[in-house]
Amino acid sequence: MTDHPRIPLAGVIGHPIAHSRSPALHGYWLHRYGLQGHYIPIDIAPGDLADLVCTLPRLGFVGANVTIPHKEAILGIADHVTDRAALIGAANTLIFRKDGKIHADNTDGSGFIANLRQGAPKWAPAAGPAVVLGAGGAARAVVAALIEVGVPEIRVANRTRARADALRSDFGAKIHVHEWVQAGSLLADAATVVNTTSLGMTGKADFRVSLEELSPKALVTDLVYTPLRTQFLIEAEAKGCTVVDGLGMLLHQAAPGFERWFGVRPEVDDATRAAVMSA
Ligand code: NAP
């Protein structure tokens, strides 16, 4: 019997998953680089996660992305978890090894930084304090990444104080926790300002933090990318700030997984952005 080479499969695991832009992104890259492979949305309910993830390698999957609500639970299922995924407390990228083991990593933080480096090449992370609005899952990846690139102080404000306090205990003395109502007053000398809340996203509550004290020298970025130009970014740009939208983070966090699964490091460029936005 001939041993036929299998076409590599990958996908994004979530619940629900129909809204995900990842299939359009990976599908675009597969087509662009003329590669064999498929990337599909995989809807798995929380109670089925452990059982179904373990069957994917046998079906020909070489890896997967993981999204809400499974990013934390997957750590307890993977055989190997990278240090950064363990520190963040969540994984977004799985590699199914030839020996059957599941390797879990988190590329949100590196995707966040790569997006800023590409969108604002003059950004100097060590130039001053960063303000991080929000303390949810994405904020943990952002905080870890900002510390790694040398931000001297990170001011965190979150509606639910306990989540910000948890960041302080997990990431140490560089984190300074403030009340949510104080958020606007933290901005005056900030070199980097990041919205990691879902405020301003289509269908969610409006972003209402006052930007009156924001310095025009600050780099301002929003993790929300629907809409692409959020009210927060529009106001910051009007104050003279350099702004970077959140779509690039989504694209950059996807690149390492694509490279591991399909063998080509994909470009994140205007054509990639256009392909995902039009999907
Ligand atoms: P999450 O864990 O649910 O956290 C949501 C955050 O938003 C929390 O800090 C929450 O505060 C805050 N929030 C929600 N409603 C609020 C309100 N009415 N007033 C004040 N704060 C409010 O979600 P996540 O995974 O961190 O994602 C956060 C956002 O980032 C989402 O919009 C997501 O789409 C986006 N994201 C983008 C990328 C990308 O690649 N660009 C990657 C990951 C996430 P509480 O703690 O008080 O609830």
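The coordinates are above.
Residues numbered from 1 in each chain as written. Predicted model: local features only at pLDDT ≥ 70, side-chain atom pairs only at ≥ 80, totals over all residues. Heavy atoms only, no water.

Caption draft 1: Molecular detail of the environment of Gln253. You can see Gln253 is positioned in helix α8 (residues 247–262). Here Gln253 falls in the buried class, since its relative accessible area comes to 7%. C-alpha separation for the pair Gln253 and Arg229, spaced 24 residues apart in sequence, amounts to 20 Å. Each residue touching Gln253, except ones within four places of it in the same chain, is listed here: Asn65, Asn92, Thr107, Asp108 and Gly111. Separated by 2.9 Å, the side chain of Gln253 and the backbone oxygen of Leu250 make a polar contact. (Helix = DSSP H or I, 4+ residues; strand = E, 2+ residues; numbered from the N terminus. Buried < 20%, exposed > 50% of the residue type's maximum accessible area, 1.4 Å probe, protein only. Contact = heavy atoms within 4.5 Å. Polar contact = N/O pair within 3.5 Å; in protein donor to acceptor, adjacent residues only side chain to side chain.)

Caption draft 2: Spotlight on the sheet that holds strand β4 (residues 80–81). The strand order β2-β1-β3-β5-β6-β4 describes an open sheet built from six strands, whose pairing is mixed. A single partner strand is all that each edge strand has here, and the edge strands are β2 (38–43) and β4. Bridge count between strand β1 (residues 9–14) and β2: six bridges; the pairing is parallel. Among the inter-strand pairings, Leu9 is bridged to a residue of β2, identified as His38. Lying over the sheet, helix α1 (residues 22–32) contacts β1, β2 and β3 (61–66), oriented at roughly 170° with respect to β2. (Pairing = 2+ DSSP bridges. Axes fitted to C-alpha atoms, helices over the stretch in contact; angles between N-to-C directions.)

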